[in-house]
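Residues per chain are reported as follows:
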Amino acid sequence: MIAMFPAVNCLFILPTSGPALAAVGMDRSGTTYIGKYVLNHSFQLPGILMVAIAVLSAFAIVQLFVI
């Protein structure tokens, strides 16, 4: 269950957290954005990669320590 937590937590994929919204508000270069659609933002690809890496590494750790 701990290994699957990042997959069901929307904070890593949707830009709903305070730091993500603050990053968009403070960016003067325009590279950090929230697009027209909910799933069209600059945090989407890093969030999906982080979820995949976290779930895979957690399953690997569980396989190492389970007897």
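Before any of the text, the structure's been laid out above.
Read on for a plain summary of the structure. (Residues numbered from 1 in each chain as written. Predicted model: local features only at pLDDT ≥ 70, side-chain atom pairs only at ≥ 80, totals over all residues. Heavy atoms only, no water.)

### As for the overall build of the protein
Argument step 1. Regarding its fold elements, the protein presents three helices and zero strands.
Argument step 2. Going residue by residue from the N terminus, the α and β elements of the protein occur as α-α-α.
Argument step 3. Scaling as 2.2 N^0.38, a compact globule of 67 residues should have a C-alpha radius of gyration of about 11 Å, whereas the protein reaches 15 Å, well beyond that.
Argument step 4. Principal-axis analysis of the C-alpha atoms places the extent of the protein at approximately 50 × 20 × 15 Å.
Argument step 5. Each of the 67 residues in the protein was classed as buried or not, and the buried ones make up 18%.
Argument step 6. In the protein, of all internal contacts separated by at least 6 residues, the share reaching a separation of at least 24 is 49%.
Argument step 7. Total accessible area on the protein stands at roughly 5,200 Å², and carbon and sulfur atoms take up 75% of it. (Helix = DSSP H or I, 4+ residues; strand = E, 2+ residues; numbered from the N terminus. Rg over C-alpha atoms; globule rule 2.2 N^0.38 Å. Buried < 20%, exposed > 50% of the residue type's maximum accessible area, 1.4 Å probe, protein only. Contact = heavy atoms within 4.5 Å. Areas by Shrake-Rupley, 256 points an atom, 1.4 Å probe, with all protein chains shown as cover.)

### Some words on the environment of Ser42
Argument step 1. Secondary-structure assignment places Ser42 in the loop between α2 (18–26) and α3 (44–65).
Argument step 2. Distance in space between the C-alpha atoms of Ser42 and Ala22 is 13 Å, their sequence separation being 20 residues.
Argument step 3. With near-sequence residues (within four places) excluded, Ser42 lies in contact with Thr31, Thr32 and Tyr33.

### Here we look at α3
Argument step 1. Along its 22 residues, α3 runs 32 Å from first to last C-alpha, staying within 8% of the 32 Å computed at 1.5 Å per residue.
Argument step 2. By the burial criterion, the buried members of α3 are Gly47, Val51, Ala54, Val55 and Ala58. Buried residues of α3, seen end-on, are gathered within an arc of 95° and therefore sit on one face of the element. Relative to its buried face, α3 has exposed residues pointing more than 90 degrees away, namely Leu45, Ile53, Leu56, Gln63 and Leu64.
Argument step 3. Residues of α3 that are buried in the fold lie against α1 (5–8). (Expected span 1.5 Å × (residues − 1). Arc of directions from axis to C-beta.)

### Looking at a nonpolar patch on the surface
Argument step 1. Side chains of Leu45, Leu49 and Ile53 sit close together on the surface and give an oily, nonpolar patch of about 330 Å² of accessible area.
Argument step 2. Residue class for Ile53 comes out exposed when judged on its relative accessible area of 57%. (Patch = residues over 30% accessible without salt bridge, like charges linked within 9 Å, V, L, I, M, F, W, Y side chains within 5 Å. Salt bridge = Lys/Arg side-chain N within 4 Å of Asp/Glu carboxyl O.)

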